[in-house]
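Given next are the chains, with one letter for each unit.
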Amino acid sequence: MLQTDGMDTAGVVTRVYSYGCWPGGDGDERALIEQMRLGRRYYNALIEIERWRRAETDATLVRLAPGLAAVEAQLAGFNDEIERLIAAIRAARATSRKDAPASTTLKEHFATTKAVRKKAWAERKAIRTQLFGDPIWLKEQKRIAGEVAARRRGAYAAAGESGLYWGTALRVAQAADAACRAPAPPRFKRFDGSGIAAVQIQKGHRPGGMFRIEGEGRHRTVLLRVGSNGVAPVWARLAPVTFHRELPPGAPSWVIVRCLRVGLRREWAAQFVVGTESGVVTPPDVSLPPAAIDIGWRVGEGGRLVATLYDGEKFERLVVPDSILRRFPKADSLRSIRDRNFNEARAHVVEWRKGALDLLPPWWAEATATLHLWHSPARLGVLTAKWRSMRFDGDNHVFEIAEAWRKQDKHLYDWECSNRLKGQRARRDLFRVWTAGLARRFGAVVVEDEVGFTTFGRLPAPEAGGAGKDKHIRVGMKEGAPGELWAWIKSSLPEKGASVYTAPAENTTTDCADCGFRNEVGATLKVVCGGCGRAWDQDENACRNLLSWYSANSAVVEPVGRTARAAKWSKRHRKSGAEAQPDL
């Protein structure tokens, strides 16, 4: 599979060529898994350092500015109160379509609380601004940065001593740095058998010292360096590696072996990160027309409608077909069966345990002391596997029940994970092919802002009630994956020469594209405009509004997903085109 990894400052596209593979033998698999295990340990060490940095920074701020702690506590209280009020307002709306007196009171309290919180934010900002200019704070900040650097050096040295190869360590550090840039505190990740082993081919060095490709044809062998024995390389062998397409000329910058756990089995891939002349960003073709795309997740004919496209003349639709969508509820159904089987097996073991306390060996009694509280099938599976080699008198019947459950659950778990992954991959391939076709047909594409696709389908708070009220939205988001389609459009089109513009999403559906009248729209897809009386589809109307926005703003708004150099070139080309073809 070919993927776009990103662009460098020169506008060259970095592409990832991915090939399915298998470890050459048990020793090769163990060497790769060990690198992945050590890499995950190193990742968690870096996350621990980042969490310490944040905690130390907060403690230093409170120590240098005692009043800041009180303001922070006030803000936390206001945030909790606002969340409670939002839940109460939603619950009130769920019982009445019109604003009841109680709902109006809640709204007034909500507005008052927000105003008070705004003042607290301003006070917090003033304290922090004054503190950040204090030489004492600058000295403390330098101290914290020095301690972080020392701890990172220590973590890197410890990882190297444990056997982690430096290429894998660099790639893991990149992933940890990306996680640390997020506003929320980064989380630790347990090792589940998935991970990467990588080598970097630096400029001026021979690629043969880091990886080798042996053989010809479709099935070849790849040797990846995973360590050193003195100065001699230690290799892990991948065979066969299925080269379904040839690599471009030139040495890759990275070679990565990636392992993904799918159920209880592993999937392997060898990835080559390459930047070539063919990867240079294609200049935009201003002769091609623009198009507007409205992204959604509503149920359509034959599947789920995830995008409506309008090129100024006709509408087109992208539908995720039922043949793909059926895999997701099937996976959920398998999960439900697994949960039911687990509850029944656990109940049998718990009930038997109550009447057999005098038969239990100490290790079994200790391991199952809280069995009635277990919610993890994996935990019962581990117990059963250990139990198989440590049988005791009187356990025949209950062990047969647990062992039968374990075998069935293993089968269902693999089936569930494989089914879900096949659906995700088929949907991703559909998006990839569709976006590639857009770049050949259109010079510019305008879509709505990324308006937080991940927030639409969140479960409401327990106190809000109506947890199943927006279930259709959550199902639509999961099956249609509009955020994934938005990401494909943003990342792949600029590489292929099509500019991507993002327009404000507000009122694109409600404002009539013909007369501008703002309508009240609900769940009804067909709307009759209250201004001009024209009937239109919500998605089609949004596309027309987006295309109108592009016509009015494309000359003054830069496209997204491009480097500074590519954006400058595009702006200069638009200017020369405007001079060559003045308005008539």
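Residues numbered from 1 in each chain as written. Predicted model: local features only at pLDDT ≥ 70, side-chain atom pairs only at ≥ 80, totals over all residues. Heavy atoms only, no water.

Glancing now at the overall build of the protein. Looking only at helices and strands, one finds 15 helices and 15 strands in the protein. Considering the protein as a whole, with its 584 residues, one finds that 40% of them fall into the buried category. Relative to all contacts within the protein whose residues are 6 or more apart in sequence, the contacts with residues 24 or more apart total 70%. Of the roughly 32,300 Å² of accessible surface on the protein, 54% is carried by carbon and sulfur atoms. (Helix = DSSP H or I, 4+ residues; strand = E, 2+ residues; numbered from the N terminus. Buried < 20%, exposed > 50% of the residue type's maximum accessible area, 1.4 Å probe, protein only. Contact = heavy atoms within 4.5 Å. Areas by Shrake-Rupley, 256 points an atom, 1.4 Å probe, with all protein chains shown as cover.)

Here the focus is the pairing of strand β10 (residues 303-310). β10 sits mainly inside the fold: eight of its eight residues count as buried. Relative to β10, strand β9 (residues 290-300) runs antiparallel, the two sharing seven bridges. Pairing of Asp 294 across the sheet is with Thr 308, part of β10. In textbook terms, the turn of a hairpin is the stretch between consecutive antiparallel strands, and for β9 and β10 this stretch comprises two residues, one of which, Gly 302, has a positive phi near 80°. Bridge count between β10 and strand β11 (residues 315-321): seven bridges; the pairing is antiparallel. Looking at β11, one finds that Arg 304 is bridged to Val 320. Hairpin connection, β10 to β11: the antiparallel pair is bridged by four residues, and Gly 312 has positive phi, about 100°. (Pairing = 2+ DSSP bridges.)

Another point: unusual backbone geometry. Between Ala 239 and the following residue, Pro 240, the backbone shows a cis peptide bond with an omega angle of 0°. For Pro 240, the position within the fold is in strand β6 (residues 232-242). The phi dihedral of Ala 481 falls on the positive side, at around 50°, and the residue is not glycine. Inspection of the secondary structure puts Ala 481 in the loop between α12 (471-480) and α13 (482-495).

For the pair helix α10 (residues 396-441) and α13, interaxial distance at closest approach is 10 Å and the crossing angle is 40°. As summarised for this structure, α10 and α13 are arranged oblique, according to the angle between their axes. Once α10 is placed against α13, the crossing between them reads as right-handed. Two secondary-structure elements touch here, α10 through Arg 427, Arg 428, Phe 431, Arg 432, Trp 434, Thr 435, Leu 438 and Ala 439 and α13 through Glu 484, Leu 485, Trp 488, Ile 489, Ser 492 and Leu 493. When grouped by side-chain class, the residues that make up the contact of α10 with α13 number eight nonpolar, two polar and four charged. (Axes fitted to C-alpha atoms, helices over the stretch in contact; angles between N-to-C directions. Parallel < 35°, antiparallel > 145°, perpendicular 65-115°, else oblique. Left-handed = near helix turned anticlockwise from the far one by under 90°. Nonpolar A, V, L, I, M, F, W, Y, C, P; charged D, E, K, R; others polar.)

Across the sheet, which stays open at both edges, the five strands sit in the order β11-β10-β9-β12-β13 with mixed pairing between neighbours. Across the chains shown, the open sheet's two edge strands, defined by having one partner strand only, are β11 and β13 (499-503). For this sheet the average axis-to-axis angle between neighbouring strands, irrespective of direction, equals 25°. Pairing between strand β12 (residues 444-448) and β13: five bridges, direction parallel. Paired with Val 447 across the two strands is Thr 502, which belongs to β13. Along the sheet, α12 contacts β9 and β10; its crossing angle with β10, the most-contacted strand, is approximately 70°.

Bringing the environment of Ser 548 into the picture now. Relative to the helices and strands, Ser 548 is located in helix α14 (residues 538-553). Exposure remark for Ser 548: the relative accessible area of 43% places this residue in the partly exposed category. Sequence separation between Ser 548 and Ala 292 is 256 residues, and the spatial gap between their C-alpha atoms is 9.1 Å.

A full pass over the atoms with the stated rule returns 36 salt bridges. The partner of Glu 140 in a salt bridge is Arg 63, with the nearest N and O atoms 3.2 Å apart. Of the two residues, Glu 140 sits in helix α4 (residues 135-162) while Arg 63 sits in helix α1 (residues 26-64), which places them 77 residues apart along the sequence. In this structure Glu 140 comes out as buried when scored by relative accessible area, which is 16%. Here Arg 84 ties to Glu 81 by a salt bridge, and the two come within 2.7 Å at their closest N and O atoms. (Salt bridge = Lys/Arg side-chain N within 4 Å of Asp/Glu carboxyl O.)

Moving on: the environment of Gly 25. Tracing the sequence through the fold places Gly 25 in the loop between β2 (12-23) and α1. Residues Gly 25 and Leu 238, spaced 213 residues apart in sequence, show a C-alpha to C-alpha distance of 8.2 Å.

A separate point is α13. In this model α13 runs 21 Å from its N-terminal to its C-terminal C-alpha over 14 residues, within 8% of the 20 Å that 1.5 Å per residue would give. Considered for burial, the residues of α13 that qualify are Pro 482, Leu 485, Trp 486, Trp 488, Ile 489, Ser 492, Leu 493, Pro 494 and Glu 495. Immediately downstream of α13, the backbone of Gly 497 shows phi near 105°, a positive value. (Expected span 1.5 Å × (residues − 1).)

Before going further, it helps to spend a moment on the state of the cysteines. According to the stated counting rule, one finds zero disulfides in the structure shown. Considering cysteine sulfurs only, Cys 259 is the nearest to Cys 21, which forms no disulfide, with 9.2 Å between them. Cys 515 takes part in no disulfide bond, and the closest cysteine sulfur, belonging to Cys 529, lies 3.5 Å away. (Disulfide = S-S within 2.5 Å.)

Orientation of α1 relative to helix α5 (residues 166-180), taken along the N-to-C sense of each, is 35°, at an axis distance of 9 Å. Relative to α5, α1 is oriented so that their crossing is right-handed. Here Gln 35, Gly 39, Tyr 42, Tyr 43, Leu 46, Ile 47, Glu 50 and Arg 54 of α1 come into contact with α5, specifically with Thr 168, Ala 169, Val 172, Ala 173, Ala 175, Ala 176, Ala 179 and Cys 180.

With respect to the element layout, Glu 479 can be found in helix α12. Classification of Glu 479 by relative accessible area gives buried; the value is 10%. Here the side chain of Glu 479 touches Arg 304 through a polar contact of 3.2 Å, side chain to side chain. In this structure, Glu 479 is in contact with Arg 304, Leu 325, Phe 328, Pro 329 and Arg 427, ignoring residues within four places of it in sequence. (Polar contact = N/O pair within 3.5 Å; in protein donor to acceptor, adjacent residues only side chain to side chain.)

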